[in-house]
Amino acid sequence: MLDLTDEINSMITERHMDEEKVLSLIRDMLVSAYKRKFGTDENAVVRFFPGKTGEENRAVEIYSVKEVVEEENWYDRVKQIPVDEAEELVEGVEPGDSLEIPLDPKNFEYSAVQSAKQRSQQVVKEYNTDRVYVDAKAMEGKLVIGEIKKATKSGDYLVNLNLEDTDAIFPVRGQSPRETYEIQEKLKFFVEKVDKGDEPRGRDSRDRKRKGGVRILLTRSSKEFVKALIENEVPEISSGDVEIKAIARHAGVRTKVAVDTRKTDVDPVGSTVGKSGTRIQTVMTECDGEKIDVVRYSDDPLVFIANSLIPAQVRRVVTIDPATKHVVAIVDDNQLGIAIGQGGVNVKLAKALCDWNIEVKTQDQFNEMEQTMEIYRNVDNLFKTDEELEKEKTLTNDEIGIDPDDTPLTDIALPEALVEKLHKADIWSIQEFFDYNDDELKEIGLTDEEIETVKNSVEITEEEEEGGSFECPICHAVLPAGTEVCPSCGAEFEFE
């Protein structure tokens with residue numbers, strides 16, 4: 001009988017293996033050695049007994065079960081035993097009985113023992129791999145703290161996450177160009193990916209054939225890393241009062257985060273930034289001083305685009321082509337460099353955040369752009385048929401994007417050249433016209449005379465005045481007869 005008290009206890013405590021798993025492993029190892037020696041394991045039996053300290057299942061014995069037969073019927077040395085030999089072991093046995101004959105594993109062939117040991121080592125390794133994989137998989141998509149262990153020739157680092165003998169990989173692509181790393185330095189990491197070594201990881205055949213262990217990939221350069229840092233610092237995100245709608249990052253340079261809320265009494269930007277900027281400053285410090293802009297999300301893409309260009313102040317955003325999501329953000333001259341950013345990083349991040357193609361221009365640059373576009377339109381029209389040109393003139397309000405309750409400019413007695421000029425400025429209805437003040441209309445390119453022409457075109461006839469009241473054609477408010485200026489929208493009226 002073998003007393004394995006120390007070995008079994010060590011596997012349970014040090015390897016963190018389940019007792020049943022350990023006993024099963026020992027049983028398999030002995031049976032494997034038995035089969036290696038005798039060519040079969042059909043008649044092998046393994047039993048466990050209390051060990052030297054009295055603990056249950058710490059000693060083990062392996063038996064060969066043999067059938068007692070008459071001498072003349074004895075032909076199988078492995079599974080049978082002659083009755084005279086059986087009587088020497090146990091008195092009173094008869095042919096047909098079964099005997100469990102104890103064996104000493106030390107008498108097994110060396111190759112059989114070695115094979116069993118190798119198999120047991122493989123089972124232990126697989127068990128540890130499975131357990132580490134489960135622990136590591138629970139970390140995937142989360143922040144962890146690890147200690148940088150050593151650098152590799154390729155520039156990667158191995159990081160200790162306290163997962164026994166398994167180190168995580170901190171690859172070059174996961175490192176921020178702003179940061180430097182030291183051996184034994186403890187840092188926060190985002191667990192990007194966890195897989196087993198034998199799982200396919202790419203198209204390269206060498207990657208597909210690589211086996212063994214658990215592969216843990218860490219990053220500090222991804223946008224998910226910054227997102228996780230912010231989520232840890234802002235309790236309103238955990239509670240659901242604030243939501244991160246989008247995030248764009250140029251690692252080591254700048255990050256933009258769009259936040260929103262469904263609660264009217266919660267300021268999503270203020271909650272994320274924190275009082276005096278303490279919360280976002282903590283995140284920036286963890287990223288070694290990388291700039292982080294927190295902006296308000298909006299369902300209106302033009303408003304969202306203007307917000308995304310923070311810290312620049314945007315005067316207005318003009319849609320060039322909704323189909324290709326192309327807009328121009330107009331800024332003052334002194335804001336142009338801020339809006340674009342060093343190396344264009346600010347506008348690039350804004351594009352990624354909003355998923356729109358954004359151009360940043362001053363008003364003068366935009367006017368030149370409009371003139372160039374007009375030239376292209378005129379040239380393009382030279383190659384269009386009369387039917388195509390006529391169709392463009394008769395676009396429906398839905399195709400243009402006019403609200404059903406608004407009054408198209410084409411329904412008002414305005415000069416054709418003035419209507420075309422307003423259409424180029426993306427003004428299609430009289431209601432849209434009154435959304436601008438006089439200074440903004442002048443920036444678009446309208447003269448004082450043209451502005452007055454549009455305003456004076458909104459007239460109320462005597463028939464509309466009957467009954468002592470009339471409806472404002474701009475905001476549809478019901479006004480007393482004789483009202484010259486609408487108190488709701490500011491429209492001016494003349495009566496014929």
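Residues numbered from 1 in each chain as written. Predicted model: local features only at pLDDT ≥ 70, side-chain atom pairs only at ≥ 80, totals over all residues. Heavy atoms only, no water.

K.L.:
Help me get a handle on the overall build of the chain, residues and values and all.
P.N.:
Scanning the chain for helices and strands turns up 20 helices and 18 strands. A burial count over the chain gives 40% of its 496 residues as buried. A separation threshold of at least 6 residues defines the contact pool for the chain, and within that pool the share at least 24 residues apart is 56%. Summed over all atoms, the accessible surface of the chain reaches about 28500 Å², with 46% contributed by carbon and sulfur. (Helix = DSSP H or I, 4+ residues; strand = E, 2+ residues; numbered from the N terminus. Buried < 20%, exposed > 50% of the residue type's maximum accessible area, 1.4 Å probe, protein only. Contact = heavy atoms within 4.5 Å. Areas by Shrake-Rupley, 256 points an atom, 1.4 Å probe, with all protein chains shown as cover.)

K.L.:
I'd like to hear about unusual backbone geometry, residue by residue, with values.
P.N.:
The phi torsion of most residues other than glycine is negative, and most of the peptide bonds are trans. Cis geometry marks the peptide bond from Ile310 to Pro311; its omega dihedral reads 20 degrees. Checked against the element boundaries, Pro311 lands in the loop between α10 (301–308) and β14 (314–321). One non-glycine residue, Gln184, lies in positive phi territory at about 75 degrees. Topologically, Gln184 is positioned in the loop between β8 (166–170) and β9 (186–196). Judged by its relative accessible area of 62%, Gln184 falls in the exposed class. Backbone geometry at Lys325 places phi at a positive 55 degrees, although glycine is not the residue there. Relative to the assigned elements, Lys325 resides in the loop between β14 and β15 (326–331).

K.L.:
Quick rundown of the packing of helix α6 (residues 223–233) against helix α9 (residues 278–286)? Include the residues and the values.
P.N.:
Relative orientation of the contacting elements α6 and α9 amounts to 140 degrees, with a least axis distance of 9 Å. Considering only the axes of α6 and α9, their crossing is right-handed. The residues of α9 that touch α6, namely those facing Phe225, Val226, Leu229, Ile230 and Glu233, are Arg279, Ile280, Thr282, Val283 and Glu286. Residues belonging to the contact of α6 with α9 are distributed by class as follows: six nonpolar, one polar and three charged. (Axes fitted to C-alpha atoms, helices over the stretch in contact; angles between N-to-C directions. Left-handed = near helix turned anticlockwise from the far one by under 90°. Nonpolar A, V, L, I, M, F, W, Y, C, P; charged D, E, K, R; others polar.)

K.L.:
Can you break down the sheet that holds strand β13 (residues 291–296) residue by residue, with the values?
P.N.:
Strand order in the open sheet formed by three strands is β11-β12-β13, with mixed pairing between adjacent strands. For this open sheet the edge positions go to β11 (243–250) and β13, each flanked by a neighbour on one side alone. Taking each pair of neighbouring strands and ignoring which way they run, the sheet shows an average axis angle of 15 degrees. Relative to the sheet, α10 contacts β12 (254–260) and β13, its axis offset from that of β13 by approximately 155 degrees. (Pairing = 2+ DSSP bridges.)

K.L.:
I'd like to hear about the sheet that holds strand β16 (residues 357–361), residue by residue, with values.
P.N.:
Strands sit in the order β14-β15-β16 across an open sheet of three strands; the sheet is mixed. Looking at the sheet topology across the chains shown, the edges are occupied by β14 and β16. Put simply, the sheet's adjacent strands are angled 25 degrees from each other on average, direction ignored. Sheet topology note: the β14/β15 ladder contains six bridges and is antiparallel. Its bridge partner lying in β15, Val318 is registered against Val328. Across the sheet, α10 lies against β14, β15 and β16, angled at about 130 degrees from β14, the strand it touches most.

K.L.:
Report on the confidence of the model for the chain, specifying residues and quantitative values.
P.N.:
With 77% of its residues at a pLDDT of 70 or more, the chain shows a mean pLDDT of 82. Here residues 203–210 is modelled with pLDDT under 50, and outside its nearest four sequence neighbours on either side it reaches six contacts, counting other chains as well. (pLDDT = per-residue confidence, 0-100.)

K.L.:
A description of the pattern of salt bridges should follow, citing residues and the corresponding values.
P.N.:
Applying the stated criterion across every chain yields a total of 21 salt bridges. Note that Glu140 is salt-bridged to Lys137, the shortest N-O span being 3.2 Å. A salt bridge links Lys149 to Asp167; the shortest N-O distance between them is 2.9 Å. Of this pair, Lys149 sits in strand β6 (residues 143–151) while Asp167 is found in strand β8, placing the two residues 18 residues apart along the sequence. Accessibility expressed as a relative area gives 46% for Lys149, which makes it partly exposed. When salt bridges that share partners are traced, they join Glu179, Arg220 and Glu286 into one network. (Salt bridge = Lys/Arg side-chain N within 4 Å of Asp/Glu carboxyl O.)

K.L.:
Tell me about α10, residues and numbers included.
P.N.:
Looking only at α10, the buried set comprises Phe304, Ile305, Asn307 and Ser308. What you see down the axis of α10 is that its buried residues fit within an arc of 160 degrees, all on one side. Looking at the buried side of α10, the elements it contacts are β12, β13, β14, β15, α12 (345–354) and β16. One side-chain oxygen at the N-terminal end of α10 lies 3.0 Å from the backbone nitrogen of Leu302; it belongs to Asp300. (Arc of directions from axis to C-beta. Polar contact = N/O pair within 3.5 Å; in protein donor to acceptor, adjacent residues only side chain to side chain.)

K.L.:
Give a detailed account of the environment of Val360, specifying residues and quantitative values.
P.N.:
For Val360, the position within the fold is in strand β16. Each C-alpha atom of the pair Val360 and Leu309 lies 9.4 Å from the other, and the pair is 51 residues apart in sequence. Among residues more than four places away in sequence, those in contact with Val360 are Leu309, Ala329, Val331, Leu336, Ala339, Ile340, Val347 and Gln365.

K.L.:
Describe in detail the pairing of β11, supporting the description with residues and values.
P.N.:
Here β11 runs beside β12; their pairing, made up of seven bridges, is antiparallel. Residue pairing in the sheet places Ala246 in a bridge with Ala258 of β12. Counting the residues between successive antiparallel strands, the hairpin from β11 to β12 contains three residues, one of them, Gly252, with a positive phi of roughly 85 degrees.

K.L.:
Break down the packing of helix α16 (residues 416–424) against helix α19 (residues 448–456) for me, citing the residues and quoting the values.
P.N.:
Direction vectors running N to C along α16 and α19 enclose 100 degrees, while the axes themselves pass 11 Å from each other. Judged on the interaxial angle alone, α19 and α16 are roughly perpendicular. Packed against α16, whose contacting residues are Leu418, Lys421 and Leu422, the element α19 presents Glu450, Thr453 and Val454 at the interface. (Parallel < 35°, antiparallel > 145°, perpendicular 65-115°, else oblique.)

K.L.:
Hey, could you go over the packing of aromatic side chains for me, with residue numbers and the actual values?
P.N.:
Counting across every chain of the model gives seven aromatic pairs. On the numbers, 6.4 Å between centres and 35 degrees between planes, the contact of Tyr157 with Phe170 is tilted. Taken together, the residues Tyr157 in strand β7 (residues 157–163) and Phe170 in strand β8 connect sequence positions 13 residues apart. A ring pair is formed by Phe170 and Phe189, whose centres lie 5.0 Å apart and whose planes are at 75 degrees; its orientation type is edge-to-face. (Phe/Tyr/Trp six-rings, centres within 6.5 Å; stacked < 30°, edge-to-face > 60°.)

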